[in-house]
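Examining the three-dimensional arrangement
Below are the chains, spelled out letter by letter.
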Amino acid sequence: TACSQISAWMQAGTPLRVAVNISAQQFRQHDLAAKVHAALKNTGAQAQWLDIEITESVAMTQSDQARAQLNALAALGCRVALDDFGTGYSSLAYLKSLPVHKLKIDKSFMDGVLNEGSDASITRAIIALAQSLGMDLVAEGVETDAQRVFLQTHGCHTYQGWLFAKAMTASDLTQLLPV
């Protein structure tokens, strides 16, 4: 479905990146890259517009398999995002050896970023880490303008959350796109 939507937006002249969360069960399938490749080929979607998101805990607890799976997906041209970063079993050694293009700051840090010193410190550290490794960065769960300003001030310029819009269907999003 995601690949079909990527293809439709490409054909309409408004290509958008689509992120797909891959579950631990899906990630354990040895033919995951082949399935993604088939979906891309069958729909005509370009892999550069597909982000594959896995949680930090899946990537770190199954590191050898994760490396093989993520390398295969990256070889297709997909971008890899590490979701819920900072909440699992972070290993900087694995982080540098995996083909990760993007870190996603977990919503749990946004909940207290304005009034808890540790959440603010961890968020700033994740921002600095992503910047120093040349990775893209997304903050999840941004619900207030004050949270957005904090992130922007510290160098995170991509956000997702209810401050911008509630979850919506692809057709609703398409109606918001410029013609």
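The structure displayed is predicted, hence computed values, not measured ones.

This part takes up the sheet that holds strand S3 (residues 79–85). Taken in spatial order, the 5 strands make up an open sheet running S1-S2-S3-S4-S5, and their pairing is parallel. Of all strands in the sheet, those with a lone pairing partner are strand S1 (18–21) and strand S5 (136–139), marking the two edges. If you compare each strand with its neighbour and ignore which way they point, the axes differ by 25 degrees on average. As judged from the 4 bridges shared by strand S4 (residues 102–105) and S5, these two strands associate in the parallel manner. In the sheet register, lysine 102 faces S5, and the bridge partner there is aspartate 136. Of the strands in this sheet, S1 and strand S2 (50–55) are in contact with helix H1 (residues 2–11), which crosses S1 at around 180 degrees.

Turning our attention to the pattern of salt bridges. For side chains of opposite charge, pairing can occur when their charged atoms come near one another. In total, this model carries 9 salt bridges according to the counting rule given. Between arginine 17 and aspartate 51 there is a salt bridge; the shortest N-O distance is 3.3 Å. Of this pair, arginine 17 sits in the loop between H1 and S1 while aspartate 51 sits in strand S2, and the two are 34 residues apart along the sequence. Since its relative accessible area comes to 37%, arginine 17 is described here as partly exposed. A salt bridge links lysine 104 to glutamate 140; the shortest N-O distance between them is 3.5 Å. Taken together, the positions of lysine 104 in strand S4 and glutamate 140 in the loop between S5 and helix H9 (145–153) put the pair 36 residues apart, joining distant regions of the chain. Like glutamate 140, lysine 104 is buried.

Let us look at the packing of aromatic side chains. Given two aromatic rings, one states the distance between the centres and the angle between the planes to describe the pair. Scanning the model with the defined rule gives 1 aromatic pair in all. Measuring from ring centre to ring centre gives 5.7 Å for tyrosine 159 and phenylalanine 164, while their planes differ by 10 degrees; the resulting arrangement is stacked.

The end-to-end C-alpha separation of helix H8 (residues 117–133) is 24 Å, in line with the 24 Å expected for 17 residues at 1.5 Å each. Taken together, the buried positions of H8 are Asp119, Ala120, Thr123, Ile126, Ile127, Leu129 and Ala130. Residues of H8 that are buried sit in contact with S3, helix H6 (92–97), S4, helix H7 (107–112), S5 and H9. The first or second residue beyond H8 is glycine 134, which carries a positive phi of 70 degrees.

With that out of the way, let us pick up unusual backbone geometry. One non-glycine residue, aspartate 84, lies in the positive phi region at around 60 degrees. Tracing the chain through its elements places aspartate 84 in strand S3.

The rules behind the values
Residues numbered from 1 in each chain as written. Predicted model: local features only at pLDDT ≥ 70, side-chain atom pairs only at ≥ 80, totals over all residues. Heavy atoms only, no water. Pairing = 2+ DSSP bridges. Helix = DSSP H or I, 4+ residues; strand = E, 2+ residues; numbered from the N terminus. Axes fitted to C-alpha atoms, helices over the stretch in contact; angles between N-to-C directions. Contact = heavy atoms within 4.5 Å. Salt bridge = Lys/Arg side-chain N within 4 Å of Asp/Glu carboxyl O. Buried < 20%, exposed > 50% of the residue type's maximum accessible area, 1.4 Å probe, protein only. Phe/Tyr/Trp six-rings, centres within 6.5 Å; stacked < 30°, edge-to-face > 60°. Expected span 1.5 Å × (residues − 1).

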